[in-house]
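# Observations on the model geometry
If you want the building blocks of each chain, they are given just below.
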Amino acid sequence: MPSHLQSDELVFFVNGKKVTEKNADPEVNLLSYLRKNLRLTGTKYACGGGGCGACTVMVSKYDPISKKIRHNAVTACLFPICSLHGAAVTTVEGIGSTRTRIHPVQERIAKGHGTQCGFCTPGMVMSLYALLRNHPEPSPEQLTEALGGNLCRCTGYRSILESSRTFCTESNCCQMKGTGKCCLDQEENQTSSSHQKNDICTQLYTKEEFQPLDPTQDLIFPPELLRMAEDPNKETLTFYGERITWISPVTLNELLELKVKYPKCPLVMGNTSVGLTIGAGCSLDQVKQILTDEVSKLPEEKTRTYQALLKHLKSLAGQQIRNMASLGGHVISRHGYSDLNPILAAGNATLNLVSKEGRRQIPLNEHFLAGLANADLKPEEILESVHIPHSEKWEFVAAFRQAQCQQNALADVNCGMRVLFKECTDTIAGLRLFYGGIGSTTVSAHKSCQQLLGRDWNTLILDEAFRLILDEISLPASAPGGMVEFKRTLIVSFFFKFYLEVLQGLKKIIKMVSIPNSHRYPDVSEKFLSALEEFPVTVSRGVQEFQRVDPNQPPHDPVGRPILHQSGIKHATGEAIFCDDLPVVDKELFLALVTSTRAHAKIISIDASEALELPGVVDVITAEDIPGANGTEDDKLLAVDEALCVGHIICAVVAESEVYAKRAVEKVKIIYQDQEPVILTIEDAIRHNSYLSSEKKLEQGNVEEAFENADQIIQGEMHVGGQEHFYMETQRVLVIPKAEDKELEIYVSTQDPSHVQKTVSSTLNIPINRITCHVKRVGGGFGGKVSKPAVYGAIAAVAANKTGRPIRLVLDRREDMLTKGGRHPLFAKYKVGFMNNGRIKAMDIKCYINGGCTLDDSELVIEYLILKLENAYKINNLRFLGRACKTNLASNTAFRGFGFPQGGLLMESCITAVAAKCGLPPEKIREKNMYKRVDKTIYKQAYNPDKLIRCWNECLDKSSYHTRKAKVENFNSKNYWKKKGIAIVPMKFSVGFGATSYHQAAALVHIYTDGSVLVTHGGSELGQGIHTKMLQIASRELKIPMSYMHFCETNTATVPNTIATAASIGADVNGKAVQNACQILLKRLEPIIKKNPEGTWEDWVEAAFEKRISLSATGYFRGYKANMDWEKGEGDPFPYYVEGAACSEVEIDCLTGAHKNIRTDIVMDASCSINPAIDIGQIEGSFIQGLGLYTIEELKYSPEGVLHSQGPDEYKIPTVTDVPEEFNVSLLTSSENPMAIYSSKGLGESGMFLGCSVFFAIGDAVTAARKERGLMEDFMLNSPATPERIRMACADRFTEMIPIDDAKTFKPWCIPIA
Ligand SMILES: Cc1cc2nc3c(=O)[nH]c(=O)nc-3n(C[C@H](O)[C@H](O)[C@H](O)COP(=O)(O)OP(=O)(O)OC[C@H]3O[C@@H](n4cnc5c(N)ncnc54)[C@H](O)[C@@H]3O)c2cc1C
Ligand code: FES
Ligand code: FES
């Protein structure tokens, strides 16, 4: 379209203020407009695809027909600004702020400790706010639905849900499982130790403080927009962009005319509805409301199709997408994963089409879904509405879906099924079966249905139906999405569920009408009916217990109290500034990375000429532009001759804007010459002898002799998949070159600013003292921002150096996942010798991790993995070997737990395997082999297991493990298709770095003349609340309230030579440095205080200034000596241990592989927690991240080494519905740790491992299923225990009947790399 044409004015409101945009660009989305044009940076970018909810805002529109204002939470990243004409947008800034008044939603999420890094918080706030605008007293189910589309990687959701739940109508008691009793009163919770001690506190915040919801605080809908909506003379609007023109017609006629003129143009909106002919423009949420209404009005038999649709409308995408996506768009898109099309097709829906020529109807059937020309829309037609007929008495409609997780995940397979019987019989008169997730569109089992017509609905048809369906719905072995055998199994499992459901339905009808031959409907035994029950969507709740502070502690002393995160309120109001929220700097340019598309190739040439010709492009940066060192020989910042993985950074485009830079990236032409070998898997690496470092070994006792004396030996292999950090804030950096002396200011999201500083220094060949790195806060790190930000920072610095202009680099989610690497996948071979009573005599374990293409932290990770592998067990004869493999994948890096989550899982799996062989419960084997007295670890460091044993016993007690285990067994004996499992695991986790130089820190504390105190230290705020803890420490040391304290930013110019904020010791070492600085200051003030003991703090500070006493001090902590001699296999690598135990219970669906997390109890030793709210938040958040690692998260790679999972659509992290329904955490009381400040402990990482209690509970449930089916009990479950793995492990007649392809005959879509 010609761009010289004059666009119409786009008018909308944002937070009550009118916005008139004269040059609205149809390609600009609301998120970008808010952040860049309006400088409203509270709304965050985290995925750009509608999948995370970080960009949630509320869009309100007035409907002149219903005279109602509709408020919808939407994802701004998918919302084109051109569709905003006449709408009112509310962002997080619009509902409250610290400058005016904060909104109750903001207050409750913050004060309820529902924020950690705070990056997801504005999105959470807005989802909740929009819910409350529509339902001021929502039900818990509505709450879960509203938050289902919002991801949080830090908190574990419990705190968010709990504080949000204070808006719900129902009492705060859980009314568990409809018993009317509170979970806390349940008999099984009457443990011997809990709730009796008055030194235990369970209140992390005071609900009574919360302001009530006050609708008068809400912005009113702008009257001008009401007038605009009612205006009878509305005109068609046209917006011309550089590449696209957007036309908003007012009437249907105008739209149809446009459709004739531009038949190929996509349509973006409509909006009408009549009865059960639902307007194509209705949002999916409106469809849900219409159907819910209809279901409540009509008899059950008429609404079976609607009920099936409603079932899927609850889990389809997140609430924001359901608010935005239209029924018409959904139907017409004909996505292969569509949840609604299979049901609409099964339910005989018809499509009402309209064009200038008139109206007509076409069926929504297999021909339409297949896109056959004679069954499709004509180019000039649009879909006006969808007609969904009522079901009939003898007709049954059902829908099933299985996805990676319960909420906000595309289905792996879904289906819509309908059967019609001849009246008063079970003879099939009509059958329609449609499946999604199988191909590029919904597919029909039409022929199978035809062949089953006239047959009776009883077990006799089942085998034939399965065979017919499997033949017809064929899935090639190399089908996109993989999981082929799982999907095939689901195809038949779903039909079996349908069979049972219909049978139940038939039986119900018989009860109501008397039918002569009712004996024909066979009974389904109670035991098999569990196949039909869906897992309910529940809101998690639980109890958090921690030690009450000593009543004699002065009230102003905040240590030990659950103090609110220093930035909590600012997170919730959107005022907290993250790296990319910094305003555009004069002459700023944007950088975008060009990465390799080949896993292993020579780079023959880089041709940037076409890119350089594009508008807005300034330069292309290659390795030749680096004035200093291009990384190291083995790990280059920018690839030179060789690309070592897909995603290897080769060069970067500098342009005037992000859009220009990203467009130009596509035009950089790189010629490759593929190289051999391409090593992707660990087994490939072993075969090619491809390693990143030497083998690490620890050994104790006489392993061979012990094997000889063992009663039994088991041997096997285990695979543990990797993990993506998926911090919500992707990697980002802003480099500002200064006019003088080559100085650079760098604002960067990092856990290690000094490393960024050093890397930039060596890359540009300038001294470190010219470079200042600033870190205000980081939107989650989890290890992914330890080494990698230095790479991105250095490349941006090269661009800044070359162009002399500020450079901003903000990775999109795809680039972030592609280039950064993640947790190391593990492959292990184990041999365990044990006695029949379960005592383990010897273990020989070889571990290999997939390190990717460069060393990064891989050598350290394998060292830590080996050091920590023994976990809580004292086994006299051990041999642990470990090696980091070099492969052609993005280089893997540090990740919370640093090898322990993988190694610990392996150890616990060995224990479980021993239990199965001995025929003993796993907890007995754990107890038998656990450390019992002070002893030496495998690396000969002394270890006292007192706290380990306490945690274990308290966890057994608090979880009522033995009582519940008996209940689980009872449940399993009564249910065939659903099984429960329960497991308890102990943990001994060593904190700290294995190198002395890392155990140091510095702090700088200034007292100003008004008495206010500025605290600075070397730690980065990642959401773990380090600054809050530091201010608590300063407050105690200086004996003044926290209100005097402020923390501004981490900055390499104020505190130099910092160590990475990692390894759980950030608060330990920096806390000691802050303490030291404060003690120095107080010592200086002592004479003044002595002189005037009745004076105030301000008096003393003033007097000190008068007396020329320095009010600024550097504190320093020279920490633990950590050493490890790998030659001798001994040392003191760790300052101390964190102990804990977790018990989890789950229920699995053996037919689909789904599971429900029912309950988790964690007992952890935090010793004297500095801040129990923060520490419990760390435990809960890391536990849920661990649960993700072990049960949900799966990285998928093509056989060519391309990462398929490049965003939240393909890579699932836990959502609100994955949190255990009951989630209790308690901190051990009366415990001390002399090694850390105020006897506290660092809890950043350890909880991650406890997520494996869910994995073992799943294993327990699968074992119960396998036992019942007569299968071997001692199977090895690999991680993650996804629905696919669970389903396939619950082997049965369905898994047996599916065709299995010969691996040699096809190329799979993805390959396992662990
Ligand atoms: C993050 C995310 C998660 C999702 N998860 C799921 C899920 O779990 N399950 C699921 O089933 N779906 C899911 N979806 C898809 C969603 O349900 C919608 O189908 C999809 O977004 C398209 O809807 P839309 O209204 O935005 O269509 P648009 O993108 O606006 O339009 C799609 C196409 O339909 C055409 N069109 C639209 N309306 C008409 C009309 N009236 N007449 C003729 N042509 C028309 C347009 O021209 C265009 O070609 C997800 C989508 C996102 C973004
Ligand atoms: S949903 Fe918009 S950024 Fe993720
Ligand atoms: S607090 Fe939710 S992502 Fe960090």
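The sections below set out a description of the structure shown in this document. Computed from a predicted model, the values in this text were never measured in an experiment.

### Some words on the overall build of the protein
- The secondary structure content of the protein amounts to 39 helices and 46 strands.
- A compact globule built from 1314 residues would reach a C-alpha radius of gyration of about 34 Å, and the protein, at 31 Å, matches this within 12%.
- Each of the three principal axes of the protein carries a C-alpha extent, and together these read 95 × 85 × 70 Å.
- Expressed as a percentage of the 1314 residues in the protein, the buried residues total 63%.
- Sequence separation of at least 24 residues holds for 79% of the intrachain contacts in the protein that already meet a minimum separation of 6.
- A total of about 47900 Å² of accessible surface is found on the protein, and carbon and sulfur atoms cover 51% of it.

### Some remarks on the pairing of strand 16 (residues 428–436)
- The element strand 16 is largely enclosed, with a buried count of eight among its nine residues.
- Note: strand 15 (residues 411–421) against strand 16, eight bridges, orientation antiparallel. Among the inter-strand pairings, Gly416 is bridged to a residue of strand 16, identified as Phe434.
- Of the pairings in the sheet, the one linking strand 16 to strand 17 (residues 443–444) comprises two bridges and is antiparallel in character. Counted as the bridge partner of Phe434 is Ser444 from strand 17.

### Section: the sheet that holds strand 29 (residues 771–775)
- If you walk across this open sheet you meet the eight strands as 21-23-19-30-27-28-29-40, and the pairing is mixed. Both edges of this open sheet fall to strand 21 (617–621) and strand 40 (1050–1051), since each of them pairs with a single strand only.
- By the bridge criterion, five bridges tie strand 27 (residues 732–737) to strand 28 (residues 744–748) in an arrangement that is antiparallel. Among the inter-strand pairings, Val735 is bridged to a residue of strand 28, identified as Ile746.
- Contacting strand 19 (589–595), strand 21, strand 23 (649–655) and strand 30 (807–810), helix 21 (residues 658–665) crosses the sheet at an angle of about 20° to strand 19.
- The sheet strands contacting helix 25 (residues 788–803) are strand 19, strand 21, strand 23, strand 27, strand 28 and strand 30, and the helix crosses strand 27 at an angle near 30°.

### Here's the deal with the sheet that holds strand 31 (residues 826–834)
- Ordered in space as 25-33-32-31-26, the five strands form an open sheet in which the pairing is mixed. Two strands bound the open sheet, and with one partner strand each, they are strand 25 (696–700) and strand 26 (712–720). Neighbouring strand axes in the sheet, compared pairwise and without regard to direction, differ in orientation by 5° on average.
- The pairing of strand 31 with strand 32 (residues 840–850) spans nine bridges and is classified as antiparallel. Pairing of Leu826 across the sheet is with Ile849, part of strand 32.
- Seen against the sheet, helix 27 (residues 858–868) touches strand 25, strand 31, strand 32 and strand 33 (877–885) and runs at an angle of roughly 165° to strand 33.

### Thoughts on the site of ligand 1
- Around ligand 1 sit 27 residues in total, of which Leu267, Ser326, His330, Asp339 and Leu383 are the nearest.
- At 2.6 Å, a backbone N or O of Ser326 approaches an oxygen atom of ligand 1.
- A distance of 3.5 Å is found between an oxygen atom of ligand 1 and a side-chain nitrogen or oxygen belonging to Arg401.
- Within the complex, 80% of the 970 Å² of free accessible area of ligand 1 lies under protein.
- Of all elements in the fold, only helix 12 (327–333) and strand 13 (382–387) reach the threshold of two or more residues within the shell around ligand 1.
- For the shell around ligand 1, the element with the highest residue contribution is helix 12, accounting for five residues.
- Looking at the shell around ligand 1, its residues break down into 16 nonpolar, nine polar and two charged.

### Let's talk about the packing of aromatic side chains
- Tallied over the entire structure, the rule returns 32 aromatic pairs.
- Joined through ring pairs, the aromatic side chains of Phe396, Phe421, Trp457, Phe466, Phe495, Phe496, Phe498, Tyr499, Phe528, Tyr976, Trp977 and Phe1294 make up one cluster.
- Just above the ring of Phe707 sits the side chain of Lys831; from NZ or CZ to the centre is 4.4 Å.
- Cation over ring: Lys980 sits above Phe971, and NZ or CZ is 4.6 Å from the ring centre.

### Quick word on the side chain of Ser448
- Within the secondary structure, Ser448 sits in helix 15 (residues 446–452).
- At 3.3 Å, the side chain of Ser448 and the backbone oxygen of Leu468 are in polar contact.
- For Ser448, the contacting residues outside a window of four places in its chain are Leu468, Ile469 and Glu472.

### Some details on the packing of helix 28 (residues 900–918) against helix 37 (residues 1252–1268)
- Running from N to C, helix 28 and helix 37 cross one another at 30°; their axes reach a closest spacing of 11 Å. Considering their axes alone, helix 28 and helix 37 lie roughly parallel with respect to each other. Pair helix 28 / helix 37 crosses with right-handed handedness. Contacts between helix 28 and helix 37 pair Leu905, Glu908, Ser909 and Thr912 from the former with Cys1252, Phe1255 and Phe1256 from the latter.
- Looking at side-chain class alone, the contact of helix 28 with helix 37 contains four nonpolar, two polar and one charged residues.

### Re helix 32 (residues 1026–1038)
- In this model, helix 32 (13 residues) spans 18 Å end to end at C-alpha, consistent with the 18 Å of a helix rising 1.5 Å per residue.
- Buried residues dominate helix 32, accounting for 12 of its 13 residues.
- Among all positions of helix 32, only Ile1026, His1027, Thr1028, Lys1029, Met1030, Leu1031, Gln1032, Ile1033, Ala1034, Ser1035, Glu1037 and Leu1038 are buried.
- Where helix 32 is buried, its residues touch strand 38 (1013–1017), strand 39 (1045–1047), strand 40, helix 33 (1066–1091), helix 34 (1097–1106) and helix 35 (1172–1191).

### Observations concerning the packing of helix 5 (residues 140–147) against helix 6 (residues 158–165)
- Between helix 5 and helix 6, whose axes approach to 11 Å, the crossing angle comes to 135°. In this view, helix 5 runs oblique relative to helix 6, as classed from their interaxial angle. Relative to helix 6, helix 5 is oriented so that their crossing is right-handed. For the pair formed by helix 5 and helix 6, the contact residues are Pro140, Leu143 and Leu147 on the first element and Ile160, Leu161, Ser164 and Arg165 on the second.
- Classifying every residue of the contact of helix 5 with helix 6 gives five nonpolar, one polar and one charged.

### Let's talk about the nonpolar core
- Ranked by internal contacts, the top residues of the largest apolar core, which has 270 residues, are Tyr435, Trp457, Phe495, Phe498 and Leu906.
- Considering each element in turn, this core owes the most residues, 15 residues, to helix 17 (residues 484–512).
- Counting residues in hydrophobic clusters, the runner-up holds 37 residues, among them Val733, Val760, Ile795 and Ile807.

What counts and how
- Residues numbered from 1 in each chain as written.
- Chains lettered and ligands numbered in written order.
- Predicted model: local features only at pLDDT ≥ 70, side-chain atom pairs only at ≥ 80, totals over all residues.
- Heavy atoms only, no water.
- Helix = DSSP H or I, 4+ residues; strand = E, 2+ residues; numbered from the N terminus.
- Rg over C-alpha atoms; globule rule 2.2 N^0.38 Å.
- Buried < 20%, exposed > 50% of the residue type's maximum accessible area, 1.4 Å probe, protein only.
- Contact = heavy atoms within 4.5 Å.
- Areas by Shrake-Rupley, 256 points an atom, 1.4 Å probe, with all protein chains shown as cover.
- Pairing = 2+ DSSP bridges.
- Axes fitted to C-alpha atoms, helices over the stretch in contact; angles between N-to-C directions.
- Near = heavy atom within 4 Å.
- Polar contact = N/O pair within 3.5 Å; in protein donor to acceptor, adjacent residues only side chain to side chain.
- Nonpolar A, V, L, I, M, F, W, Y, C, P; charged D, E, K, R; others polar.
- Phe/Tyr/Trp six-rings, centres within 6.5 Å; stacked < 30°, edge-to-face > 60°.
- Lys NZ or Arg CZ within 6 Å of the ring centre and 35° of its normal.
- Parallel < 35°, antiparallel > 145°, perpendicular 65-115°, else oblique.
- Left-handed = near helix turned anticlockwise from the far one by under 90°.
- Expected span 1.5 Å × (residues − 1).
- Core = buried A, V, L, I, M, F, W, Y, C linked by side-chain atoms within 4.5 Å.

That's the geometry; what it means functionally is another story.
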